[in-house]
Amino acid sequence: MKEVVVSGIRSTGNLHLGNYYGALSKFVKMQEDYDCLFFIADLHALTTHPDPRILHSNVQDILAEYLASGIDPEKATIFVQSDVPEVSELYLLLNMHVGIGELMRTASFKDKARKQLGIKTGNEKDDDEDIERQIIGTNSNKRVNAGLLTYPTLMAVDILIQKAQKVPVGKDQEQHLELTRRFARRFNSFYGVDLFPEPTNFNFGDHAVKVPGLDGSGKMGKSEGNCIYLVDDEKTLRKKVMRAVTDQGPTEPNQPISQPVENLLTLMELTSTADVVEHYRKAYADCSIRYGDMKKQLAEDILKITTPIRERYLEIRNNDVYISKVVKEGAERARERAAKTLHEVREIMGIRKFY
């Protein structure tokens, strides 16, 4: 029997190169040898209050991008999170075994709470106390929604309800995966059962990929505005790459490569051939590098990857019948597993019907 793999992406806008190299390209490999379930996390997206008018459109976009990137609905189960109502019920039940304190200590909650409350990062201990005061305080005109606090529980449910053994996550989600393992262990121990497996991280044997943005620092991300989207047209993509941050150029041979230029070389390592990367590393070392030529080459190599995806995306995105068929069949398969797990949980917890 194949091991079960589960992963999802929040429906907060189009996917970018970071999503492709960090997740989608690996999903395409995983579906060949594992029992894979890939979903669009529209319930998770609600924690940041997306515009209701565009939430559904975002879900359709990501579905089309999943398919255009090579995820095959005949090999993997593709579904929308909210199409599996069993997830919401188990989310409620599992929360009965989750502590507020352990949720408030998660790094992602503290980071997002700081942003929502307008707290500038300073001393971590003082920040944590400030967050707690403002959350508990009754006079604050700012609030942190409970969905953000219990985000790790919902993520755990996505995994546990399908009894996944492996979950591909990046470094920023490792703490949440560890919480999932803890919640599974706690539930099993509390009721004296062996219901939930403890999932492990799965990166397909590769090192975790950190795809840098075009702004010279940090990783590529939607909120940072430093992305190359998989569906960017040729003109837009070339313009983005040509505007990417570099430096004033090396002033002496073999000086250390600056972070902005290293970022572009990292993108080249993902998208270009090894000889192209080596050429520009040597050019930096001997002070002969021409950033304009380097960026033109990088844009050309990225387009070789994204253009076929964009073309397939446009074809799929305009085929509502096909998209509906894929998610309907995916939801049926995902719900069959989820319903079985939920029934077991209800029985274990003593929630039984009288009729």
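Please read all numbers here as calculations on a predicted model, not as lab measurements. (Residues numbered from 1 in each chain as written. Predicted model: local features only at pLDDT ≥ 70, side-chain atom pairs only at ≥ 80, totals over all residues. Heavy atoms only, no water.)

**Description of the pairing of strand β2 (residues 35-41)**
Here is step 1 of the chain: The buried fraction of β2 amounts to 6 of the 7 residues, a majority that puts the element mostly inside the structure.
Here is step 2 of the chain: Where strand β1 (residues 4-10) and β2 come together, 7 bridges link them in parallel fashion. Note on β2: the bridge partner recorded for Val5 is Cys36.
Here is step 3 of the chain: Once the chain exits β1 it traverses helix α1 (residues 17-33) before rejoining the sheet at β2, and the crossover so formed is right-handed.
Here is step 4 of the chain: In terms of strand pairing, β2 meets strand β3 (residues 77-80) through 4 bridges, oriented parallel. Bridging across to β3, Phe38 finds its partner in Ile78. (Buried < 20%, exposed > 50% of the residue type's maximum accessible area, 1.4 Å probe, protein only. Helix = DSSP H or I, 4+ residues; strand = E, 2+ residues; numbered from the N terminus. Pairing = 2+ DSSP bridges. Right-handed = clockwise from strand over helix to strand, strands pointing away.)

**Quick look at the nonpolar core**
Here is step 1 of the chain: Counting 59 residues, the largest nonpolar core has Leu24, Tyr66 and Met294 as its most contacted members.
Here is step 2 of the chain: In terms of residue count, the dominant contributor to this core is helix α14 (residues 291-317) (9 residues).
Here is step 3 of the chain: Setting aside chain neighbours within four positions, we find Met294 in contact with Val261, Leu264, Leu265, Met268, Tyr280 and Ile289.
Here is step 4 of the chain: Within the second largest apolar cluster, 41 residues are counted, among which are Ala41, Val87, Leu177 and Ala334. (Core = buried A, V, L, I, M, F, W, Y, C linked by side-chain atoms within 4.5 Å. Contact = heavy atoms within 4.5 Å.)

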